[in-house]
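Here is how the chains run, residue by residue.
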Amino acid sequence: MAATAAAVPMDTRGNPHNVEPYQDNHSDVAKLFIRAGDKPGKPLAKGPQIGSAGASPSFVYITVCKSDFFCGRQIEWKALYPSVEKVPDVSTTPKSWTAALAAAKEAGGYPSGVPLTTADASGNYVYPAGVNPSVEPVCSFPSGCNKASDFYNAPDGVLALSFDDGPTAATTNLTNFIKKNHISASHNMIGSHIVELPTQFQQIIASGGHLSVHTWSHQHNSALTDEQILAEIGWCMQVIYDNSGLVPKFWRPPFGDLDNRVRFIAENVFNLITLTWNRDSRDWAIPSLFDQTIQKSVDEVRSYVNGSKSPGMNILEHELNDACVTVFETVYRDYVKDGWDIRNLPDALSKGNNGKKQ
Ligand SMILES: [Zn+2]
């Protein structure tokens with residue numbers, strides 16, 4: 001899906017992040033996602049298994065189980081989640097999440113001076129007149145504002161490899177290529193897509209992929225209420241956790257639509273590292289926008305590959321379709337030939353910390 005962030009200036013900041021790939025299974029954040037009856041760090045045990053269609057309610061189910069809690073295998077797996085491809089109904093948000101949001105606000109630091117955006121006639125998301133989104137207190141990434149806490153630049157010499165918008169039908173091709181070349185990528189995934197394509201989600205795990213969050217339904221977060229942002233991030237973390245036992249540590253906001261209000265919820269409620277980018281393959285525009293082609297994207301990426309290795313590349317790439325995968329497969333040879341150190345997101349940050357985990 002289209003990413004529209006404007007070019008942002010390069011800098012050479014170090015990255016102070018904790019670089020563990022996932023959050024501790026016994027952390028307060030993990031407790032938001034562990035379902036009753038399940039053990040920390042384990043995929044759904046009591047509930048329906050990934051992709052399962054469920055069974056018709058039986059006599060035993062109705063008379064003995066009485067609820068999905070005890071006999072969850074009877075229900076369709078998808079029924080555990082909100083409707084796909086739209087903002088979740090916030091009345092279904094677990095109470096523990098809204099309590100965590102309230103507690104984060106109570107603890108301080110909530111940026112009260114960040115109004116919501118609205119879509120203008122051209123489909124651009126804009127702040128009210130008189131608000132400058134390039135500076136504090138808004139600090140919008142599409143307006144060129146970065147925070148030290150954002151994962152923007154990669155460490156020198158490192159190519160931070162991640163793909164947005166999966167799983168999709170193109171995931172099979174991508175993960176086959178990744179396995180063949182013995183590398184690991186991070187996958188910034190859309191929760192709705194996991195529900196729609198559970199087999200491809202499992203292919204990502206089987207390829208050694210690192211699982212990261214790209215929200216439930218890929219909205220412009222700056223236009224959503226706090227409670228809607230909470231649900232968009234939370235349900236994506238929930239579907240990843242339920243089906244892998246892993247609590248994500250990284251997220252990329254759709255369209256790079258990020259401001260201090262969005263950062264606060266992602267970081268202070270869910271303890272996520274926010275990923276932006278410092279290079280754009282523009283593969284998201286193929287084939288329908290701006291006359292973008294596979295060759296144009298390849299040429300653009302090659303111009304970055306041949307450039308300076310300081311800072312490293314945190315490049316925006318997608319697994320939207322086979323064209324995006326073809327761009328990656330083509331430029332991968334250039335990455336290797338030019339000596340880039342290709343790493344998934346947490347491994348990239350580990351490199352920035354001299355290879356030591358913090
Ligand atoms: Zn996206």
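The structure we're discussing is the one just above.
(A) Structural context of the overall build of the protein chain. The secondary structure content of the protein chain amounts to twelve helices and 13 strands. Each of the 358 residues in the protein chain was classed as buried or not, and the buried ones make up 47%. Nonlocal contacts in the protein chain, meaning residues at least 24 apart in sequence, comprise 77% of its contacts between residues at least 6 apart.

(B) The arrangement of the nonpolar core in detail. Among the nonpolar cores identified, the biggest contains 77 residues, and L159, I233, M237 and I240 are the most heavily contacted of them. Of all the elements, helix α8 (residues 226-244) adds the most residues to this core, at ten residues. Aside from chain neighbours lying at most four places away, what touches I240 is M189, I194, L211, V213, L246 and P248.

(C) Up close: the pairing of strand β6 (residues 186-189). Neither face of β6 is left uncovered, since the one carrying S186 and N188 and the one carrying H187 and M189 both have all their residues buried. The handedness of the strand β5 (residues 162-166) to β6 crossover, carried by helix α5 (residues 171-180), is right-handed. Sheet analysis places β6 next to strand β7 (residues 210-213), joined by four bridges and oriented parallel. Looking at β7, one finds that H187 is bridged to L211.

(D) View of helix α7 (residues 198-206). Within α7, the full set of buried residues consists of Q200, F201, Q203 and I204. Down the axis of α7, the sector holding all buried residues measures 155 degrees, keeping them to one side. Of the residues in α7, the exposed ones pointing more than 90 degrees away from the buried face are T199 and A206. Looking at the packing, one finds that the buried side of α7 touches β5, α5, β6, α6 (191-196) and α8. Count one or two residues on from α7 and you reach G208, which has phi positive near 80 degrees.

(E) Seen up close, the pairing of strand β12 (residues 313-318). Among the six residues that make up β12, six are buried, leaving the element largely enclosed by the rest of the structure. The two faces of β12 match: M313, I315 and E317 on one face and N314, L316 and H318 on the other face are all buried. The pairing of strand β4 (residues 158-160) with β12 spans two bridges and is classified as parallel. Considered in β12, the bridge of L159 is made with M313. Relative to β12, strand β11 (residues 279-280) runs parallel, the two being bridged by two bridges. When the sheet's bridge partners are listed, R279 is paired in β12 with I315. The parallel pair β11 and β12, bridged by helix α10 (residues 294-305), forms a crossover whose chirality is right-handed.

(F) Just the packing of α5 against α7, in detail. Contact geometry of α5 with α7 gives a least axis separation of 9 Å together with a crossing angle of 10 degrees. What the angle tells us is that α5 and α7 run roughly parallel. The segment α5 lies against α7, with T171, T172 and T175 engaging Q200, Q203 and I204. Tallied by class, the residues present in the contact of α5 with α7 amount to one nonpolar, five polar and no charged.

(G) Region of interest: helix α4 (residues 95-107). Its 13 residues give α4 an end-to-end C-alpha distance of 18 Å, which sits within 8% of 18 Å, the value for a rise of 1.5 Å per residue. Looking at α4, one finds that the buried residues are W97, A100, L101 and A104. The arc that holds the buried residues of α4, viewed along the axis, is 100 degrees, so those residues lie on one side. Exposed residues lying more than 90 degrees from the buried face of α4 are K95, A99, A102, A103 and E106. One or two positions beyond α4, positive phi appears at G108, with a value near 105 degrees.

(H) Representation of the packing of α10 against helix α11 (residues 322-337) in the model. Where α10 meets α11, the closest approach of the two axes is 9 Å, and the angle between their N-to-C directions is 30 degrees. The orientation of α10 relative to α11 falls into the category roughly parallel. Considering the relative orientation of α10 and α11, their crossing is right-handed. From α10, I294, S297, V298, V301, R302 and V305 reach across to α11, where they touch A323, T326, V327, T330, V331, D334 and Y335. Classifying every residue of the contact of α10 with α11 by side-chain character gives eight nonpolar, three polar and two charged.

(I) Just unusual backbone geometry, in detail. For the peptide bond that leads from E136 to P137, omega is 5 degrees, which places it in the cis range. By secondary structure assignment, the location of P137 is in the loop between β3 (125-126) and β4. Across the junction of S310 and P311, the peptide omega takes the value 0 degrees, indicating a cis bond. Relative to the helices and strands, P311 resides in the loop between α10 and β12. The backbone of E85 shows a phi angle near 60 degrees, a positive value even though the residue is not glycine. Judged by C-beta crowding, with 14 C-beta atoms within 10 Å, E85 ranks as partly exposed.

Procedures and definitions
Residues numbered from 1 in each chain as written. Predicted model: local features only at pLDDT ≥ 70, side-chain atom pairs only at ≥ 80, totals over all residues. Helix = DSSP H or I, 4+ residues; strand = E, 2+ residues; numbered from the N terminus. Buried ≥ 20, exposed ≤ 12 C-beta atoms within 10 Å, placed from the backbone. Contact = placed C-beta atoms within 7 Å. Core = buried A, V, L, I, M, F, W, Y, C linked by C-beta atoms within 7 Å. Right-handed = clockwise from strand over helix to strand, strands pointing away. Pairing = 2+ DSSP bridges. Arc of directions from axis to C-beta. Axes fitted to C-alpha atoms, helices over the stretch in contact; angles between N-to-C directions. Parallel < 35°, antiparallel > 145°, perpendicular 65-115°, else oblique. Nonpolar A, V, L, I, M, F, W, Y, C, P; charged D, E, K, R; others polar. Expected span 1.5 Å × (residues − 1). Left-handed = near helix turned anticlockwise from the far one by under 90°.

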